[in-house]
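A look at the structure
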Amino acid sequence: NARWTAAGRRRAKRPGKSDPLDARAVAIFVRQESPDLPVVYAEDQTAILDLLTTEREAAIGEATRLRNQIHALLVQLDPEYEVRLPTLKSRSGLAVVARYVARSDSAVQKERASAVRRLAERLALALAQAEDLARRIKQMAEESFAPLTRLCGVNMLTAGALAGILGPGPRFANDAQLAAFAGVAPLEASSAGLVRHRLNRGGNRRLNAIVYRIVLTQAHHSPEARAYLA
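Figured I'd write up the structure that's included with this text. Here the structure is a predicted model, which means the values were calculated and not measured.

1. Quick word on unusual backbone geometry
The phi angle at alanine 192 is positive, at roughly 55°, despite the residue not being glycine. In this fold, alanine 192 is placed in the loop between β1 (187-188) and β2 (197-198). Classification of alanine 192 by relative accessible area gives exposed; the value is 83%.

2. Some details on the pattern of salt bridges
Across all of its chains, the model carries 10 salt bridges by this definition. The closest approach of N and O atoms between glutamate 57 and arginine 206, which form a salt bridge, is 3.3 Å. Taken together, the residues glutamate 57 in helix α3 (residues 45-77) and arginine 206 in helix α9 (residues 205-221) connect sequence positions 149 residues apart. Taking the shortest distance from any N to any O, the salt bridge between arginine 84 and glutamate 80 comes out at 3.5 Å. Classification of glutamate 80 as partly exposed rests on a relative accessible area of 49%. Among the charged side chains, a network of salt bridges with common partners joins Asp78, Glu80, Arg84 and Arg103.

3. A word on a positive patch on the surface
On the surface, Arg196, Arg198, Arg201 and Arg205 cluster together to form a positively charged patch. Summarising the element assignment, arginine 201 is placed in the loop between β2 and α9.

4. Focus on α3
Its 33 residues place the ends of α3 48 Å apart at the C-alpha level, agreeing with the 48 Å of an ideal helix rising 1.5 Å per residue. Within the sequence span of α3, burial applies to Thr46, Leu49, Leu52, Thr53, Ala59, Ala63, Leu66, Arg67, Ile70, Leu73, Leu74 and Leu77. Contact partners of the buried residues in α3: α4 (81-84), α5 (91-98), α6 (107-144), α7 (156-166) and α9.

5. Observations regarding the packing of α7 against α9
The geometry of a pair of packed helices is captured by two quantities: the angle between their axes and the separation between those axes. It is the contact of α7 with α9, at a shortest axis distance of 10 Å, that shows an interaxial angle of 150°. Taken as a pair, α7 and α9 cross one another with a handedness that is left-handed. Here α7 contributes Thr158, Ala161, Leu162, Ile165 and Leu166 to the contact with α9, which in turn contributes Arg206, Leu207, Ile210 and Ile214. For the contact of α7 with α9, the residue count by class is seven nonpolar, one polar and one charged.

6. Comments concerning the nonpolar core
If you look at the biggest cluster of nonpolar residues, it comprises 20 residues, and the most contacted ones within it are Ile70, Leu74, Leu77, Val97, Tyr100 and Val116. At the level of secondary structure, the elements contributing two or more residues to this core comprise α3, α5 and α6. When residues of this core are assigned to their parent elements, the largest contribution, seven residues, is made by α6. Among residues more than four places away in sequence, those in contact with valine 97 are Ile70, Leu74, Leu88, Val116, Arg117 and Ala120.

7. Thoughts on the side chain of aspartate 78
When you line up the elements, aspartate 78 lands in the loop between α3 and α4. By relative accessible area, aspartate 78 is classed as buried at 8%.

8. Things to note about the environment of alanine 141
Within the fold, alanine 141 resides in helix α6. Counting along the chain gives 42 residues from alanine 141 to arginine 99, while the straight-line C-alpha distance between them is 38 Å. Once you skip the residues sitting within four places of it in the chain, alanine 141 turns out to touch Leu49, Ala146, Met156 and Gly160.

Rules and cut-offs
Positions within a chain are numbered from 1, following the residues in the order the chain's sequence is written. Totals for whole chains, interfaces and linings use every residue, but because this is a predicted model, local features are given only for residues with pLDDT of at least 70 and side-chain atom pairs only at 80 or more, for both listing and counting. Each side-chain value is worked out from all heavy atoms of the structure, with water and hydrogens disregarded. Under the DSSP-based scheme used, a helix requires at least four consecutive residues in state H or I and a strand at least two consecutive residues in state E, with every element numbered from the N terminus. Note on exposure labels: buried denotes an accessible area under 20% of the residue type's maximum, exposed denotes more than 50%, and partly exposed covers the range between, all computed with a 1.4 Å probe on protein chains only. The working definition used for a salt bridge is a side-chain nitrogen of Lys or Arg within 4 Å of a carboxyl oxygen of Asp or Glu. Note on patches: the residues involved have over 30% relative accessible area and no salt bridge, like charges join within 9 Å, and the nonpolar side chains Val, Leu, Ile, Met, Phe, Trp and Tyr join within 5 Å. Per-residue and other accessible areas follow the Shrake-Rupley method at a 1.4 Å probe size, with only the shown protein chains counted as cover for residues. The sign given to each residue is positive for Lys and Arg and negative for Asp and Glu; His and the chain ends receive no count. Positions of charges follow a simple convention, taking NZ of Lys, CZ of Arg, CG of Asp or CD of Glu. Multiplying 1.5 Å by the residue count of a helix minus one yields the expected span of that helix. By the convention used here, residues are in contact when the closest approach between their heavy atoms is within 4.5 Å. Lines fitted to the C-alpha atoms define the axes, with helices restricted to the stretch that makes contact. Angles between their N-to-C directions range from 0 to 180 degrees. Helix crossings fall into two classes, left-handed where the near helix is turned counterclockwise from the far one by less than a right angle and right-handed where it is turned clockwise. Residues are grouped as follows: nonpolar covers Ala, Val, Leu, Ile, Met, Phe, Trp, Tyr, Cys and Pro; charged covers Asp, Glu, Lys and Arg; every other residue, Gly included, is treated as polar. Nonpolar cores are built from buried Ala, Val, Leu, Ile, Met, Phe, Trp, Tyr and Cys residues. Side-chain atoms within 4.5 Å join them into one set.

Have a look at this one:
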């Protein structure tokens, strides 16, 4: 982390920044903190899962942005289009907008309809890529990480995402370290004898979101989780 070397430079007798000074700062930090530094493991299939999951999330985000753009254009073309057309999240809705034709002879409306068709092509490509990536993630996760699906709220896609984020090797000595990494462990904010805690807004936000979705699923379908919440 660049902040660690910056702190070492500020405390050094010779302030400044150069490769030798950076190397010295890194060496001093490693000597002092080596017992607590995480072990770095060689990349394995979890790195591939992380790559595929990140790419799939980007494709899904792109699909959402494209749907929003199509919606904005359709509202201008036909304010009541949602009554006449299938939902944009369905295959039938995507097929309709892919061949959408303006109901007006206005040149502006015709160009908007053309934009809708072009956006529909891009949307179809993003969805196809997301489906292909999901298939590959499920296949890889099923080979090595299927036991994770025994947890309520974890399907094969979630198992692949968890494996990709957590990476190879035993990175955490206990559940508290994992909770801190996920940003789900509360932070102490005590003062003047008053002991209190606040939510942790840090940690790995992707892992935090996965844990949140697991919690919501368990709150509805897991008897143990419902009893705990009660």
